[in-house]
Amino acid sequence: KRGRNLYLLPIGPFPETIINTEVARLRLWNFLKDFAAAFFLGLQVHILPEVPLDDIKCTKRVHKNTQQVQVLVGDIFPYLQKMCPPDGYSVIGVSWTDLYPSEDLNFVLGEASFVHHSAVISFGRFEPKLYKDGQKLRQCGSETEDEKAAMLVKLIKSLCHETCHLIGLSHCVFFQCLMNESSSMEQALQQPLFLCPVCLRKLQKICKFEIRERYGMLREMLLKCCESVECQYFVDSMKWL
């Protein structure tokens, strides 16, 4: 029987600027843990010790435009499954290294494997547009506050979207919803941070949370986001709640 614990596994290495990133006086990993604990209220969220990508046997390639290393996402799932503690429901790997789903596709923000009870997301792809026509424009760490806020939005949404897949939610076709399918970065950005009534009821059945309590905790986390970065998306989301 699977436990009621979600585990986040950082897959390094990460740039120094990411390691030192803080949101609401919390290191990035602790903030992600707290946000996931609010979103999936009823499940416990933990952070596993960071592992280097070199420890994972996986296929790699170099992206033809960015010249950055990419990892075949499907190769990571068996490793994550082995890393899941006995009391774990699932493991979610968080990587800076870019991911790709197959040789004929450019990249993927994240992917989940219900069979392996694991998912992996990458926010190296979220690195603000450092490349143009294959040439690097500037170094990581020189992003504006708007770009850092956008990276945080995408990271939170990808984490919650892929974890919902692990819990059993499919792509939503009923309303505007976090679980809407997206085929581009632009579509992903247009998705709301929240679940529609249909998907929310599914998540509630699994996590067994009280809806008002969960929304209250999410509002507190969004307030912390608003205090840390200037981002209209977080402001609008908090107003909606």
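As shown above, the structure is provided for reference.
Just so we're clear, the structure is a prediction, and the values are computed from it rather than from any experiment.

**Q** Can you walk me through the packing of helix α2 (residues 28–39) against helix α7 (residues 211–228) in this structure?
**A** The geometry of a pair of packed helices is captured by two quantities: the angle between their axes and the separation between those axes. Orientation of α2 relative to α7, taken along the N-to-C sense of each, is 155°, at an axis distance of 8 Å. The orientation of α2 with respect to α7, classified from their angle, is roughly antiparallel. Pair α2 / α7 crosses with left-handed handedness. Contacts between α2 and α7 involve Phe31, Asp34, Phe35, Ala38 and Phe39 from the first element and Arg214, Met217, Leu218, Met221, Leu222 and Cys225 from the second.

**Q** Please clarify how a positive patch on the surface should be interpreted in this entry.
**A** On the surface, Arg4, Arg201, Lys205 and Lys208 cluster together into a positively charged patch. Position of Lys205 among the secondary structure elements: in helix α6 (residues 197–207). A relative accessible area of 62% places Lys205 in the exposed class.

**Q** Please explain α2 as it appears in this structure.
**A** Residues lying three or four places apart along an α-helix face the same way, a consequence of the helix completing one turn every 3.6 residues. Counted at 1.5 Å a residue, the expected span for α2 with its twelve residues is 16 Å, and the 16 Å between its end C-alpha atoms agrees. Residues of α2 that are buried include every one of Leu28, Trp29, Phe31, Leu32, Phe35, Ala36, Ala38 and Phe39, and no others.

**Q** Help me out: how do you make sense of the sheet that holds strand β7 (residues 69–72) in this one?
**A** Sheet strands associate in pairs through backbone hydrogen bonding, adopting either a parallel or an antiparallel arrangement. Reading across the sheet, the three strands line up as β6-β7-β9 and stay open at both edges, with mixed pairing between neighbours. Here the strands that pair on one side only, and so sit at the sheet edges, are β6 (60–62) and β9 (98–100). Averaged over all adjacent pairs, the angle separating strand axes in this sheet is 40°, with direction ignored. Summarising the sheet, β6 and β7 pair through three bridges and their orientation is antiparallel. In the sheet register, Arg61 faces β7, and the bridge partner there is Gln70.

**Q** Just to check I follow, could you spell out the side chain of Gln191 for this structure?
**A** Counting through the fold element by element, Gln191 comes out in the loop between α5 (185–190) and α6. Classification of Gln191 as buried rests on a relative accessible area of 8%. Setting aside anything within four residues of it in sequence, one finds Gln191 in contact with Lys157, His161, Cys177, Leu178, Asn180, Glu181, Ser182 and Tyr233.

**Q** Would you explain the side chain of Asp98 in this entry?
**A** Here Asp98 shows up in strand β9. Of note is the side chain of Asp98, whose polar atom sits 3.1 Å from the side chain of Gln70.

**Q** Got a minute to help me understand the state of the cysteines in this structure?
**A** As used here, a disulfide is simply a covalent bond connecting the sulfur atoms of two cysteines. Evaluated as defined, the whole model comprises zero disulfides. This cysteine, Cys58, is not joined by any disulfide, and Cys84 carries the nearest cysteine sulfur, 19 Å off. In this structure Cys58 comes out as buried when scored by relative accessible area, which is 16%.

**Q** I keep staring at a nonpolar patch on the surface and nothing clicks. Help me out?
**A** There is a patch of nonpolar side chains on the surface, built from Val173, Phe174 and Phe175 and spanning about 370 Å² of accessible area. Within the element layout of this structure, Phe175 appears in the loop between α4 (145–167) and α5.

**Q** Please clarify how the pairing of β7 should be interpreted in this entry.
**A** Regular strands place side chains that alternate from one sheet face to the opposite one. Taken together, β6 and the strand that follows it, β7, pair antiparallel across an intervening segment of six residues, in which Gln67 is found at a positive phi of about 60°. Here β7 runs beside β9; their pairing, made up of three bridges, is parallel. Each bridged residue has a counterpart across the sheet, and for Leu72 the counterpart in β9 is Tyr100.

**Q** Before we go on, may I ask you to explain the packing of α7 against helix α8 (residues 232–240) in this structure?
**A** Viewed as axis vectors pointing N to C, α7 and α8 meet at an angle of 155°, and their least axial separation amounts to 9 Å. By the angle between their axes, α7 is roughly antiparallel relative to α8. The two elements α7 and α8 meet at a crossing, and its hand is left-handed. Across from Tyr215, Arg219, Leu222, Leu223, Cys225 and Cys226 in α7, the residues of α8 making contact are Phe234, Val235, Ser237, Met238 and Trp240. Split by residue class, the contact of α7 with α8 holds nine nonpolar, one polar and one charged.

**Q** Before we go on, may I ask you to explain the pattern of salt bridges in this structure?
**A** Close approach of charged atoms allows side chains with opposite charge to pair. Enumeration over the complete set of coordinates arrives at four salt bridges. As a salt-bridge pair, Lys60 and Asp54 come within 3.5 Å of each other at their nearest N and O atoms. Using a relative accessible area of 40% as the deciding quantity, one classes Lys60 as partly exposed. A relative accessible area of 66% places Asp54 in the exposed class. A salt bridge links Arg61 to Glu103; the shortest N-O distance between them is 3.6 Å. Of this pair, Arg61 sits in strand β6 while Glu103 is found in the loop between β9 and β10 (110–113), placing the two residues 42 residues apart along the sequence. Given a relative accessible area of 17%, Arg61 falls into the buried group.

Thresholds, definitions, all that
- Residues numbered from 1 in each chain as written.
- Predicted model: local features only at pLDDT ≥ 70, side-chain atom pairs only at ≥ 80, totals over all residues.
- Heavy atoms only, no water.
- Axes fitted to C-alpha atoms, helices over the stretch in contact; angles between N-to-C directions.
- Helix = DSSP H or I, 4+ residues; strand = E, 2+ residues; numbered from the N terminus.
- Parallel < 35°, antiparallel > 145°, perpendicular 65-115°, else oblique.
- Left-handed = near helix turned anticlockwise from the far one by under 90°.
- Contact = heavy atoms within 4.5 Å.
- Patch = residues over 30% accessible without salt bridge, like charges linked within 9 Å, V, L, I, M, F, W, Y side chains within 5 Å.
- Areas by Shrake-Rupley, 256 points an atom, 1.4 Å probe, with all protein chains shown as cover.
- Salt bridge = Lys/Arg side-chain N within 4 Å of Asp/Glu carboxyl O.
- Lys, Arg positive; Asp, Glu negative; His and termini not counted.
- Charge placed at Lys NZ, Arg CZ, Asp CG, Glu CD.
- Buried < 20%, exposed > 50% of the residue type's maximum accessible area, 1.4 Å probe, protein only.
- Expected span 1.5 Å × (residues − 1).
- Pairing = 2+ DSSP bridges.
- Polar contact = N/O pair within 3.5 Å; in protein donor to acceptor, adjacent residues only side chain to side chain.
- Disulfide = S-S within 2.5 Å.
- Nonpolar A, V, L, I, M, F, W, Y, C, P; charged D, E, K, R; others polar.

None of the figures reported here should be taken as evidence of function without further support.
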